[in-house]
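Chain by chain, the residues:
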Amino acid sequence: MSVPKIEMRDVTKAFGGNKVLDGVNLTIEPGESMAIIGQSGSGKSVSLKCILGLVQPDRGSILVDGEEVVGTRGAAMTRIRSKFGLLFQGSALFDSLPVWRNVTFGLTRGRNREPAKMRMIAQENLERVGLDARVLNLRPSELSGGMQKRVALARAIAPRPEIIFFDEPTTGLDPIRADVINDLIVSLVDDLGVTALTITHDMASARKIAHRVAMLYQGRIIWRGPRDRLYDSGNPYVDQFVQGRAVGPIS
Amino acid sequence: MMGSRIGTAAFAFFAGIGTVAIGLLAAIGRVTAFALTTIRRALTPPYYPGKLFEQILHIGWFSLPVVCLTAIFTGAALAQQTFTAGSRFNASSTVPGIVVMGIVRELGPVLVGLMVAGRVSSAMAAELGTMRVSEQLDAMTTLRTDPYRYLIGPRLFASVLALPVLVLIANCLGILGGYLIAVYKLGFNATNYLTISRNFLEWDDVAMALVKAGVFGFFIALMGCYYGFRATGGAAGVGDATRTAVVSAFILILLSNLLITVTAFG
């Protein structure tokens, strides 16, 4: 049996008196695309940040390729992070840099070296997400929300990571643009053969992107299963959430 | 009954003082840890000389106009005030000496520090705070780039390097401002004014001004970066960080100026 790409074991995290994660257990196999669904504030983003070492859990263990993340710092953590690409909810592009430097930031680590080569790499990655060379020299503030998402996607894939996280990839986009982003994510995950973890409360997105779906509620994974079972889960919490009903066990 | 109430009030009073003292010590500890982390990481590779140069330009070169104006006007006003006050005691000849000592030892470093703090601390806090709340700092970390090395270290070192140069320029212009008023308005002899000024000026004064400038530069960047880096809560949080950074920088500049002056001349 292969080593899981990501394994969360009994991960707990509280901010003050607010327990955001309360014993999360989750396993993601290599090459798998997993989506975590759940209400706003249910701990989805905190889970991602714990895996990336941006937030330290209070308790529990997180393994990436069998290597412990919790408590790891410095060069060892930087090496683990090099396996990841992350598409942020708000894109999180660097305002002060042009698009081509944003896309290649992970390769140059912020230094302005080999600009001609980096521009070519940026152009290749932008073409992969459906943008052409005209945006290379633009600033992020000159792009629409959908274009910013694509640039952020190009930045996430440019270092060719083994694992890509998508944090609410379709939030703030109209349904057509959202579907374009979903298609892009599916094709990127297939083409690049990466492991993917998406957090979303967009059901259409979860069903399209993920092989498996898990639901996070009150800091715990309360259901997991293949995407085809999402609307037939047998779990009243999942049923209420995916159908968007106001009445149900989720208050 | 009465004694019990007084006892409770006294307990609450001392508990309040204790809480404030503990909070202050904790804040000092956090700022110190932030400064030490920045210095430790900025001194180990990867280095960002381009970012350092960029920040020297931002902090030093672009602060020059406001620093020059402040210095020249303050020097001129100081000469006029010293002359007016000195005339009452037949001591108007002290104008060159007081202008030189006042500008070089105190007004030059402090005014430059305050002007640059207003301009630079706020900009740093706003920029880093915006990067924090829009997750750009997290994005940078996930892209294997340490914000302490890439953003904070260059700002801190650039500020420490740029402030002494600005203070040197401000001191020269402050003395020039005093000279212009003294010679062209108050009727001083130009050669005498310069000779007296030169005789009053000691290298120790210049050295102390440069030490003060370096310390002020450190506090200006430290406060801007620290509060920006820790900003939370969207636009309002960035606003709070910016205001707190500037106020803290002002207080630290004035406090450290007093301590250095008292240590040097006490």
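Predicted model only: the values in this text are computed from it and were never measured.

## What about the pairing of strand S2 (residues 18-28) of chain A?
Residue and element names in this part refer to chain A. Bridge analysis of strand S1 (residues 6-15) against S2 gives 8 bridges, and the strand direction is antiparallel. Each bridged residue has a counterpart across the sheet, and for Thr12 the counterpart in S2 is Asp22. Remark: 2 residues form the turn of the hairpin made by S1 and S2, two consecutive strands paired antiparallel; Gly16 in that turn has positive phi of roughly 65 degrees.

## Digging into the sheet that holds strand S6 (residues 84-87) of chain A
Residue and element names in this part refer to chain A. Strand order in this open sheet of 6 strands is S6-S7-S8-S3-S9-S10, and the pairing throughout is mixed. The open sheet terminates on both sides in strands that have one partner only, identified here as S6 and strand S10 (220-226). Geometrically, the sheet is characterised by an average inter-axis angle of 15 degrees between neighbouring strands, direction not taken into account. Bridge analysis of strand S9 (residues 212-217) against S10 gives 6 bridges, and the strand direction is antiparallel. Paired with Met215 across the strands is Trp223, a residue of S10. Packing of helix H6 (residues 145-157) onto the sheet brings it into contact with S6 and strand S7 (163-167), and relative to S6 it is tilted by some 175 degrees.

## Details of the sheet that holds strand S5 (residues 67-68) of chain A
Strands sit in the order S2-S1-S4-S5 (chain A) across an open sheet of 4 strands; the sheet is antiparallel. Edge positions in the sheet fall to S2 and S5 of chain A, since each has one partner strand and no second.

## Section: the domain arrangement of chain A
Residue and element names in this part refer to chain A. Looking at the assigned domains, one finds that chain A contains domain 1 (1-83 + 161-251) and domain 2 (96-160). Computed from C-alpha coordinates alone, the two centres of domain 1 and domain 2 are separated by 26 Å. Taken together, the 10 residues of domain 1 in the interface contact 10 residues of domain 2. Of the residues forming the side of domain 1 that touches domain 2, the biggest block, 5 residues, is contributed by helix H7 (residues 175-192).

About the criteria used
- Residues numbered from 1 in each chain as written.
- Chains lettered and ligands numbered in written order.
- Predicted model: local features only at pLDDT ≥ 70, side-chain atom pairs only at ≥ 80, totals over all residues.
- Pairing = 2+ DSSP bridges.
- Helix = DSSP H or I, 4+ residues; strand = E, 2+ residues; numbered from the N terminus.
- Axes fitted to C-alpha atoms, helices over the stretch in contact; angles between N-to-C directions.
- Contact = placed C-beta atoms within 7 Å.
- Domains from an automatic or database assignment.

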